[in-house]
Structure formats: C-alpha cells, structure tokens
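Notes for the structure review
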Amino acid sequence: MQRAFLIVVSLGFLFIITYTLFLTKPITENKPSEEKKLNSRLILNNFFNLTIQKHSIFFLDTSFKRVIAINPRASCALESAALYHPNRSIYYIYVIRNEYNTATTIEEKYLRTVLKEYKNVNVVYAKVPDLIKNTCIQELFGKHLIETSSYFVEHFSDAFRLIVLMKFGGIYLDGDVIVMRSLNDLGLNFVGKESETVLGTAILAFEKGSYLLNALLKDFNINYDPKSWSGHGPLLLTKLVLALCNTTSNFSHNECDYLKIFPENVLFPVSYHNWRHMFHQKYLNEILEMTKESYLIHFWNKLTHGIILNVKSNAPYLILGKKNCPKTIFNLNKSF
C-alpha cells in the first residue's frame, strides 16, 4: 500500500513538472533570444531600404573596401557616438559601387562588439547611384572625375556627407573623432571652427533640405578640382558661409540665424598644429584641461594614422578612449 502511494505521488510530481514546462515553452519560443536579435543585425542591409529615424547620426566609409572592416580608432568614434546618444539611431555606412552581395554577414570583431553592446547602431551599405540620385551633383559623377583623383576617398566623403544630410537631416561625424558628451544640446544646424578662420567638416549638423547644403553641392558640382585635398571640405564650407551668411573672417558676426558657429574649444579643442600632444603622455593634464568642456575631439587621422600607442600608455588619446569608448579599448590587443 505504501509503495503504491509513493508511485502515485511521484507520478503527480512528474505531471506537474511536465505541465509547467509545457506552459512555459511557447512563451520562450515566442521571445527571440538576444543572440538571434544580434545575428539579424549582423546582416549588412541597404541603407535606402530602411526607414531612417529623424536626428540620426551618420558615419561614412568611402574607401570601397571589399572586406567589411573597421579599425579600432573608427570603432572608438562609432562607440562614443552610440554611448552618449542612446535615443538616436547611429548609421555606419559602407559606400559601394553598384554590385554587392546583400546577404553579407559582419564578422569583423570591432563592429560585432559595438553592435552587440549598443542597440542603436546600424551597419549598412549604400550604393553610389542611390546616393547621388535626384541631386545636383549627378552631373559631376557622370564625368567620372572623382574616381581618377588622388584624393578620391576624401572627395567621395566630402560629397556624400552633404548628400546624406541633405536627404535625411541629422549629424555627420568623421571616423577620426571621439565624442565626449551628448551633442543634443547643440541644436539642429551647426558647424564648428577648427581654426580662427576655417570651419571644420569633421562634424556637421543640418536639417533635411538645408539651403546651405544645397549651395555646397551646387558649388561642388560646378567647381570640382580633383587636385585639391580640402577644397571641397573645410575650405568650401568656409567660403560659402562667409558669402551666404555675411559673416566676418573670424566668424564673430553671423547673419544666418539658423546656423550656429561654435568656437574651437567646443568641437575642435586641439588644433592640428598640436596634434602630437594627443599622443604623448607628458601632455595629458594639458589636453584633459583643454577638453574638459568640449563635446568632441578630432585627432586628425591624416596626420596621426601612423602613430601606434601601447594600451598601457597614458597618452591623452588613449585615456580619452578608455572613458568614451570602453568596449573598443577592452578589445585591443597591445596597441591603439
């Protein structure tokens, strides 16, 4: 009798456990795992097939690489933007020619890390014909002049950052910056001085359809010079703001009410004349003091790309990286 009782009790427990598992299984299956969500975001999608959120932040890669990859410094720029703007969509756009395998999966470790840690980051591709479609710069691209320039990477980037902002509005950032605080307080239309008399283009913020962006694209189309490195970037922006906004040479006066022009300490606190200071630990206190109220630091990759820092270095650039792009720094091997 006792044995029969034990068998009945055991069967009862088994029924309860089985029934509980049966009830909870469909709920588990209906909720995609974090791994599945990540895997779906690791598929490279067409930028122009997406619904682009207002006030997004955009990065561009115009090197036309066949392999989807990002260097640690560009990863730091991307991560720092995502870190301080959790409510904005961040797009890292690989510009490609007309042919591409849309099923490409992102394997590169820095991009996988940023995508895993920051849900607002999207890595996408954009085809050149889609970018230039319905813009005044189509005529220039039809002449194939940019492709033959010694500065084709820079000139494609100069053109496409204007086009993306013209079509969608938001903020464009170069891959050689570190964002150090939220840019939300700066408004919708702004640029920054990189020197006393020149405006920088490493960060641009404009609303969709901006008159100034349209003017920049028209000038780019008409006056394109394949031999000029910065003539269609900072120098073009400076020229047109001076002309259209009736401003003084040092931008102390500005008649374009919609456009904010921030002084150097806000967006470009370290001049390109002093770029070496960011990579030498003896200038740590100086740089930290200089940038404590800044929103951004630009590290002038054209000048600094050959410098390799040991991960244990106290160089200002590495210290700022540890604070503003911690996941990227954590993934470094021995150098940055």
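In case you missed it, the structure is sitting above this.
Attention in this report is confined to the structure presented alongside it. Predicted model only: the values in this text are computed from it and were never measured. (Residues numbered from 1 in each chain as written. Predicted model: local features only at pLDDT ≥ 70, side-chain atom pairs only at ≥ 80, totals over all residues. Heavy atoms only, no water.)

1. Let's talk about the pattern of salt bridges
What counts, and what does not: Any carboxyl oxygen of Asp or Glu that lies within 4 Å of a side-chain nitrogen of Lys or Arg is treated as forming a salt bridge with it. Secondary structure follows DSSP: runs of H or I at least 4 residues long count as helices, runs of E at least 2 residues long count as strands, and numbering of each begins at the N terminus. Each residue is placed in one exposure class: buried if its accessible area under a 1.4 Å probe, protein chains only, is under 20% of its type's maximum, exposed if it is over 50%, and partly exposed if it falls in between.
All told, the structure shown has ten salt bridges when counted by the stated rule. A salt bridge links Asp174 to Arg161; the nearest nitrogen and oxygen atoms lie 3.3 Å apart. Of this pair, Asp174 sits in the loop between strand E5 (170-173) and strand E6 (177-179) while Arg161 is found in helix H7 (residues 152-168), placing the two residues 13 residues apart along the sequence. Like Asp174, the residue Arg161 is buried in the burial classification. Residue Asp219 pairs with Lys239 through a salt bridge whose shortest N-O separation is 3.0 Å. With Asp219 in helix H8 (residues 211-222) and Lys239 in helix H9 (residues 234-244), the pair connects residues that are 20 residues apart, well separated along the chain. Overlapping salt bridges bring together Asp158, Arg161 and Asp174 as one network.

2. Description of the side chain of Thr238
The criterion, for reference: Polar contacts, as used here, are pairs of N or O atoms within 3.5 Å; protein pairs need one atom able to donate a hydrogen and one able to accept it. Residues neighboring in sequence count only if both atoms are side-chain atoms. Only heavy atoms matter for contacts: two residues are in contact if any of them lie within 4.5 Å across the pair.
Relative to the elements of secondary structure, Thr238 occurs in helix H9. From its side chain, Thr238 meets the backbone oxygen of Pro234 in a polar contact 2.7 Å long. In contact with Thr238, not counting residues within four places along its chain, are Thr197, Val198, Leu199 and Phe251.

3. Structural notes on the nonpolar core
Just so we agree on the cut-off: Nonpolar core, defined: a set of buried Ala, Val, Leu, Ile, Met, Phe, Trp, Tyr and Cys residues in which side-chain atoms within 4.5 Å join the residues together.
Within the largest apolar cluster, 61 residues are counted, with the highest numbers of intra-cluster contacts made by Leu173, Leu267 and Met278. If one sorts the elements of this core by residue count, helix H3 (residues 72-84) sits on top with six residues. Not counting chain neighbours up to four residues away, the residues in contact with Met278 comprise Val270, Ile287, Ile297, His298, Phe299, Trp300, Ala315, Pro316 and Tyr317. By size, the runner-up hydrophobic cluster in this structure holds 46 residues, among which are Tyr91, Ile132, Phe156 and Leu216.

4. Points about H9
Of all the residues in H9, the buried ones are Pro234, Leu236, Leu237, Thr238, Leu240 and Val241. Just downstream of H9, Asn246 is the residue with a positive phi angle, here 45 degrees.

5. Concerning the sheet that holds strand E4 (residues 121-127)
Condition: By the convention used here, strands pair only if DSSP detects at least 2 bridges between them. Each axis is a line fitted through C-alpha atoms, taken for helices only over the stretch in contact, and angles between the N-to-C directions span 0 to 180 degrees.
One open sheet holds the eight strands; their spatial order is E1-E4-E3-E2-E5-E8-E7-E9, and the pairing between them is mixed. Unpaired on one side and paired on the other, strand E1 (45-46) and strand E9 (260-262) mark the two borders of the sheet. When strand E7 (residues 190-193) meets strand E8 (residues 199-206), the two strands line up antiparallel, connected through three bridges. The partner of Gly192 across the bridge, within E8, is Gly200. Sheet strands in contact with H3 are strand E2 (57-61), strand E3 (90-96), E4 and E5, and its direction is about 145 degrees off that of E3.

6. Here's the deal with the state of the cysteines
Here is the rule we go by: Pairs of cysteine sulfur atoms within 2.5 Å are what we label disulfides.
All told, the structure shown has two disulfides when counted by the stated rule. A disulfide bridge connects Cys76 with Cys325, and the sulfur atoms are separated by 2.0 Å. Here the disulfide of Cys76 and Cys325 is left-handed, its torsion about the S-S bond being about -80 degrees. Placement of Cys76 in helix H3 and of Cys325 in the loop between helix H13 (316-324) and helix H14 (326-330) is noted, with a sequence separation of 249 residues between them. On the basis of relative accessible area, Cys76 is assigned to the buried category, the value being 0%. With a sulfur-sulfur separation of 2.0 Å, Cys245 is cross-linked through a disulfide to Cys256. On the S-S bond that ties Cys245 to Cys256, the torsion sits near -95 degrees, and the link is left-handed.

7. Looking at the environment of Asn184
Position of Asn184 relative to the elements: it lies in the loop between E6 and E7. For Asn184, a relative accessible area of 42% translates into the label partly exposed. One polar contact links Asn184 to Arg88, side chain to side chain, over a distance of 2.9 Å.

8. Things to note about H8
Here is the rule: Multiply 1.5 Å by the residue count of a helix minus one, and that product is the helix's expected span.
With twelve residues, H8 ought to run about 16 Å at 1.5 Å a step, and its terminal C-alpha atoms sit 17 Å apart, in line with that. Looking only at H8, the buried set comprises Leu212, Leu213, Ala215, Leu216, Leu217, Asp219, Phe220 and Asn221. Elements in contact with the buried residues of H8: helix H6 (138-142), H7, E8 and H9. Where H8 begins, one side-chain oxygen reaches toward the backbone nitrogen of Leu212, 3.2 Å away; that side chain belongs to Ser210.

9. Let's talk about the packing of H3 against helix H4 (residues 109-117)
Heads up, the condition is: By definition in this entry, angles of less than 35 degrees are roughly parallel, angles greater than 145 are roughly antiparallel, angles of 65 to 115 are roughly perpendicular, and the rest are oblique. Crossings are assigned a handedness: left-handed for a near helix turned anticlockwise from the far helix by less than a right angle, right-handed for a clockwise turn. All amino acids are sorted into three groups, where Ala, Val, Leu, Ile, Met, Phe, Trp, Tyr, Cys and Pro are nonpolar, Asp, Glu, Lys and Arg are charged, and the leftover types, Gly among them, are polar.
The geometry of H3 relative to H4 is characterised by a closest axis approach of 10 Å and an angle of 10 degrees between their N-to-C directions. As summarised for this structure, H3 and H4 are arranged roughly parallel, according to the angle between their axes. Crossing of H3 over H4 shows right-handed handedness. Contact with H3, carried on its side by Pro72, Ser75, Leu78 and Glu79, involves Tyr110, Leu111 and Val114 of H4 and no other residues of that element. In the contact of H3 with H4, the residues fall into five nonpolar, one polar and one charged.

10. Overview of the environment of Pro226
Position of Pro226 relative to the elements: it lies in the loop between H8 and H9. When its relative accessible area of 30% is taken as the criterion, Pro226 is described as partly exposed. Along the chain, Pro226 and Glu147 lie 79 residues apart, while their C-alpha atoms are 9.1 Å from each other. Filtering out sequence-adjacent residues up to four positions away, Pro226 remains in contact with Ser149, Ser150, Tyr151 and His155.

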